[in-house]
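Residues per chain are reported as follows:
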Amino acid sequence: MDAYTGFAEVYDLFMDGVPYEEWCGRIVESLREYGIDGGLVLDLGCGTGSMTELLAAAGYDMIGVDASEEMLELADAKKRSSGHDILYLLQDMREFELYGTVRAIISVCDSLNYITEEADLLQVFRLAHNYLDPDGIILFDLNTVYKYEEILGDSVIAENREEGSFIWENYYDPQERLNEYDLTLYVREQDGRYRRFEETHFQRAHETEKVLGLLGEAGFEVEKLLDAETGGEPRKETERLFFVVRKK
């Protein structure tokens, strides 16, 4: 089954521990540091629109791109509730197309780890370069090799709540740097019964130096590289990196 089909229904439920507001504050701070206090901003891999909504509330004109129709349906429901004028596009980030340029591009929640081929990641960066204003920047995060090797590895994660539950069986291949996790989901119906979904997700543990090289090849300069959880300098134990990248 395609990723984020059944899981889309309970994604926000099980992601309620993600510090979206804290991350949004850091993103807005970085945008303003580069003189971007308004205008068009693209959210690549926007999912259910949680970060897209926060940035819209901060005054940015948001565009969200995601390859999951189910996730975008939930994002659209949030938009109708908030009243924000957000444009959502059902597109693969490796082939996304916009009507014009944007001032900045963001991508959070390890969306780019789902790009498992280096050639495809380079293509994403090249498209980003093409659709950015001359003074535009990209802000994105990536799970680190350390996280896949030392934190996730070969493990099982399970969580049970009244609205639904999941079992996450994780497998990591250190030679290929490829992470696979098999999700078994139980989503509660209105009549009290549970529907079962099964999904398989793949992510790549991209080496930092390789990512920096791809960014340079696509025409970018890296301004900052931070620990996404602390906002400080990366450490050996950093699990998620936050990149601030400027178009040359």
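Preceding block: the structure.
Residues numbered from 1 in each chain as written. Predicted model: local features only at pLDDT ≥ 70, side-chain atom pairs only at ≥ 80, totals over all residues. Heavy atoms only, no water.

## Focus on the packing of aromatic side chains
The line we're drawing: Pairing of aromatic rings covers Phe, Tyr and Trp, the last counted by its six-membered ring, and requires centre-to-centre distances within 6.5 Å; plane angles under 30 degrees mean stacked, over 60 mean edge-to-face, and any other angle means tilted. A run of H or I in DSSP counts as a helix once it spans at least four residues, and a run of E counts as a strand once it spans at least two, with each numbered from the N terminus. Burial status follows relative accessibility: with a 1.4 Å probe on protein chains alone, a residue under 20% of its type maximum counts as buried, one over 50% as exposed, and anything between as partly exposed.
The full count for this structure, using the stated rule, is six aromatic pairs. With 6.5 Å between their ring centres and 75° between their planes, tyrosine 20 and tryptophan 23 make a pair best called edge-to-face. With tyrosine 20 and tryptophan 23 both in helix H2 (residues 20-33), this residue pair falls three residues apart, about one helical turn. With respect to class, tyrosine 20 is no different from tryptophan 23; both count as buried. Ring geometry for phenylalanine 140 and phenylalanine 243: centres 4.5 Å apart, planes at 10°, overall stacked. With phenylalanine 140 in strand S5 (residues 132-143) and phenylalanine 243 in strand S11 (residues 240-247), this residue pair connects regions lying 103 residues apart in the sequence. For the pair shown, phenylalanine 140 and phenylalanine 243 are each scored as buried.

## With respect to the sheet that holds strand S2 (residues 61-66)
What counts here: When DSSP finds two or more bridges between two strands, those strands count as paired. Axis definition: a line fitted to C-alpha atoms, over the contacting stretch in the case of helices. Angles run 0 to 180 degrees between N-to-C directions. Contacts are assigned to residue pairs with any non-hydrogen atoms lying within 4.5 Å of each other.
Reading across from one edge, S3-S2-S1-S4-S5-S11-S10 is the order of the seven strands in this open sheet, with mixed pairing throughout. Of all strands in the sheet, those with a lone pairing partner are strand S3 (87-90) and strand S10 (220-227), marking the two edges. Going from strand to strand, the sheet's axes swing by 15° on average, the running direction of each strand aside. Examined bridge by bridge, strand S1 (residues 40-44) and strand S4 (residues 102-107) share three bridges and lie parallel to one another. Residue pairing for S4: leucine 42 is matched across the bridge by isoleucine 105. Helix-sheet contacts for helix H5 (residues 118-131) involve S1, S4, S5, S10 and S11, and the interaxial angle to S5 is about 150°.

## Structural notes on the state of the cysteines
One covalent bond between the sulfur atoms of two cysteine residues makes up a disulfide. Formally: The disulfide definition used here is simple: a pair of cysteine sulfur atoms within 2.5 Å.
Under the defined criterion, the tally for this structure stands at zero disulfides. Its sulfur unpaired, cysteine 24 is 12 Å from the next cysteine sulfur, which belongs to cysteine 109. As a non-bridged cysteine, cysteine 109 has cysteine 46 as the owner of its nearest cysteine sulfur, 11 Å distant.

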